[in-house]
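Survey of secondary and tertiary structure
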Amino acid sequence: MKRNGKQNQQRGNQNGLYELPELSERYGAFVTVQGFEQARIAAQKSGASVIWEVERVMGIIPVATGNIWALIDDAWVKVPDDYRCCNCAECAAATKH
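So, a few notes on the structure that sits alongside this text. (Residues numbered from 1 in each chain as written. Predicted model: local features only at pLDDT ≥ 70, side-chain atom pairs only at ≥ 80, totals over all residues. Heavy atoms only, no water.)

This part covers unusual backbone geometry. One non-glycine residue, Asp 73, lies in the positive phi region at around 55°. Relative to the helices and strands, Asp 73 is located in the loop between strand S4 (61-72) and strand S5 (75-78). A relative accessible area of 76% places Asp 73 in the exposed class. The phi dihedral of Asp 74 is positive, around 65°, even though this residue is not glycine. Mapped onto the secondary structure, Asp 74 falls in the loop between S4 and S5. (Helix = DSSP H or I, 4+ residues; strand = E, 2+ residues; numbered from the N terminus. Buried < 20%, exposed > 50% of the residue type's maximum accessible area, 1.4 Å probe, protein only.)

Here it is in structure tokens:
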């Protein structure tokens, strides 16, 4: 089934917790932001192109919920679960690794 942009441009939870995996890898610690819009702004300011929705486990460790958004053609698009082979930033950003 071909997906159009409107189907994939679902917005994240404004009260949810989001990780910026590219920044987490860069800084060696989990980088999380409260709210989808704040995560989007932080990602764009830092040059990150992927946002993962996460939940806190034991108050410290963020665990991915499976929802991933990627910056594709200047729009934040929810990446379909069946599109990626894993949860790495390259798959989420729709690039090959």
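This next bit is on helix H3 (residues 36-46). Taken together, the buried positions of H3 are Phe 36, Ala 39 and Ala 43. Seen from one end, H3 has its buried residues packed into an arc of 60°, which puts them on one side. At its buried positions, H3 is contacted by strand S1 (17-19), strand S2 (32-34), strand S3 (50-57), S4 and S5. A positive phi of about 85° marks Gly 47, the residue just after H3. (Arc of directions from axis to C-beta. Contact = heavy atoms within 4.5 Å.)

Here the focus is the sheet that holds S4. Backbone-to-backbone hydrogen bonds pair the strands of a sheet. The strands run either parallel or antiparallel. One open sheet holds the five strands; their spatial order is S2-S1-S3-S4-S5, and the pairing between them is antiparallel. The two strands at the open ends of the sheet, each matched to only one other strand, are S2 and S5. Direction aside, neighbouring strands of the sheet carry axes that sit 40° apart on average. When S3 meets S4, the two strands line up antiparallel, connected through seven bridges. What sits directly across from Trp 52, in S4, is Ile 68. (Pairing = 2+ DSSP bridges. Axes fitted to C-alpha atoms, helices over the stretch in contact; angles between N-to-C directions.)

Quick look at the nonpolar core now. The nonpolar side chains of a soluble globular protein tend to be buried with one another. Tyr 18, Leu 20, Leu 23, Val 33, Phe 36, Ala 39, Ala 43, Ala 48, Ile 51, Trp 69 and Trp 76 together form the largest nonpolar core, which totals eleven residues. Among the elements that take part in this core, H3 stands out by supplying three residues, more than any other. (Core = buried A, V, L, I, M, F, W, Y, C linked by side-chain atoms within 4.5 Å.)

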